[in-house]
Amino acid sequence: MRKMMSVTTGAMVTLLTASTAVGLLSVSLDTPTVNAAKTKKLKLWVDTSTKPTYVQAVKDFEKANPSIKVTIKYTSSTDALKNLQKDPSAAADVFMFPHDQIGSLASQGLIYQNTKYAKSLKSTQISNAMKGATYKGKVYGYPYGIESQVLYYNKTQLGNDDIKSWTSLTSKGKVGTNLASAGANYIFSPLFYTAGDTLYGANGEKAKGTNIDNKKGVSVLKWMKAQKDNPGVVQASTNTLSLLQSGKISATLSGPWSYNDYKKALGDNLGIAPYPTVDLGSGEKQMQAFLGVKLFGVKQDTKQPLAAMKLAKYLSSDKVQELGFKNSHYIPSSKKVQASQDIQNDALAKAVVDMSKKGYSTPMPKSPAMANFWTSADALFNDTYKGKISDSQMLPKLTTLVKNASKSVK
């Protein structure tokens, strides 16, 4: 830590202790002046696809903060944890990352706590986004977007009433799903939330907080098993797009990442809506999905924490989220931007915003132990759908899944 800093005010030079210097630096960052003592250099990691958004955002930020210089590097936000683990000293001061990595980043001491802007973010971002930005009661992330799976459908084959429930959806049309193959875990695990169970505790943070080995969990597996004999359910995986385009299926469940392909396939006939309700044996309930929260973070060993936090906060601002929607079509996490006409008039954005509400989706668990869940869940779901697991085997299989999924991972 630097023992002292110098600040020039006219001809007078005052020596400050490190603690006083931090307070003065905070003020100077909020009200930048031409008398800034030294340029603060920051490195920023963003996804390549978001280049138009962040080139402009950084330009605007530097104009408002002439004492801070930002260098942009392009990488994959999903690799943030891996890249920080590899060499924290070479990592960016501010970086994009998906919220399900926040538990590992925090527990490994790789991310700087948001000590300055947590309160203001809580007032501007939707509650589920802030849940994704928080780990063990501390805010680490700066939300800038959200994503959730939605229902894509062919409007020439299905009407508004047909898509309200899974029963009507599969009786009036055919839904392409991947219950028999890899990836079933991501799409169908949230059914445990629909049933009333939890994964990794109420906040998705407890390694031993999964309680799906009960009657509610069994009801989910029985529903999966029944879909094999449902004529309105078609196994679909890598061939989903061709099945949708040919009319062999009339709907599927996927996220914003599939929008461009489905729009190209169906054109104006593409419909987008929140998930339908589903009956797991105790009446119709809202079918849930995982919510993904897009975050910026500050690395733990940044040499400029105040400047880095200020940049991260700016990149989660309404102005930049509006720019991101316009240029990169990612869905904002800001309450104000979500309520704008641009969002409400966009079918995909509106459906994702609806799905981001409580009861429609739950933020994907943040516990590092979630890494143990995926493979075991896929195998169980696939075998259940294929009829390889009897009703009497379901509870013991769920108990085994919970045991495997509960092993601690740092």
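Fair warning: this is a prediction, and the values are worked out from it, not measured in the lab. (Residues numbered from 1 in each chain as written. Predicted model: local features only at pLDDT ≥ 70, side-chain atom pairs only at ≥ 80, totals over all residues. Heavy atoms only, no water.)

**Student:** Looking at this structure, I do not really get the side chain of N382. What am I missing?
**Tutor:** Mapping N382 onto the fold places it in helix 18 (residues 373–385). Since its relative accessible area comes to 12%, N382 is described here as buried. Side-chain polar atoms of N382 contact the backbone oxygen of L179, separated by 2.8 Å. Excluding its chain neighbours within four sequence positions, the residues that come into contact with N382 are L179, A180, S181, A182 and A184. (Helix = DSSP H or I, 4+ residues; strand = E, 2+ residues; numbered from the N terminus. Buried < 20%, exposed > 50% of the residue type's maximum accessible area, 1.4 Å probe, protein only. Polar contact = N/O pair within 3.5 Å; in protein donor to acceptor, adjacent residues only side chain to side chain. Contact = heavy atoms within 4.5 Å.)

**Student:** Would you mind showing me how to read the layout of surface pockets here?
**Tutor:** Take a probe with the size of a water molecule and roll it over the atoms, and the empty space left behind shows itself. Volume-wise, the second largest pocket comes out at about 510 Å³. Those elements that place two or more of their residues in the lining of the second largest pocket are strand 5 (94–98), strand 8 (142–148) and strand 16 (289–298). Sorting elements by how many residues they give to the lining of the second largest pocket places strand 16 first, with 4 residues. Its residues assigned to classes, the lining of the second largest pocket comprises 15 nonpolar, 7 polar and 4 charged. Residues lining the lining of the second largest pocket come from more than one domain, with at least three contributed by each of domain 1 (40–147 + 291–363) and domain 2 (148–290 + 365–406). (1 Å grid on protein atoms, 1.4 Å probe; cavity = no way out; pocket = protein on both sides within 12 Å on 5 of 7 lines; lining within 4 Å. Points joined across faces, edges and corners; volume = space filled by probe spheres on them. Nonpolar A, V, L, I, M, F, W, Y, C, P; charged D, E, K, R; others polar. Domains from an automatic or database assignment.)

**Student:** Hey, could you run me through the pattern of salt bridges in this one?
**Tutor:** Once the charged atoms of two side chains with opposite charge are near each other, the side chains can pair. The full count for this structure, using the stated rule, is 12 salt bridges. Between K319 and D60 there is a salt bridge, and its shortest N-O distance comes to 3.7 Å. Placement of K319 in helix 14 (residues 318–328) and of D60 in helix 2 (residues 51–64) is noted, with a sequence separation of 259 residues between them. Among the ionic pairs, K299 bridges to D301, the shortest N-O distance being 3.9 Å. The exposure class of K299 is buried, given its relative accessible area of 5%. (Salt bridge = Lys/Arg side-chain N within 4 Å of Asp/Glu carboxyl O.)

**Student:** Quick question: what am I supposed to make of empty space enclosed by the protein here?
**Tutor:** Under the definition given, this model contains 1 cavity of 30 Å³ or more. In this model, the largest cavity occupies a volume close to 30 Å³. If you go around the largest cavity, the residues you meet are W45, V46, D47, T75, S76, S77, A80 and M96. With 3 residues, the single largest contributor to the lining of the largest cavity is strand 3 (residues 40–47). Class assignment of the residues belonging to the lining of the largest cavity gives a composition of 4 nonpolar, 3 polar and 1 charged.

From the geometry alone we can't say anything about function, so treat these as descriptive.
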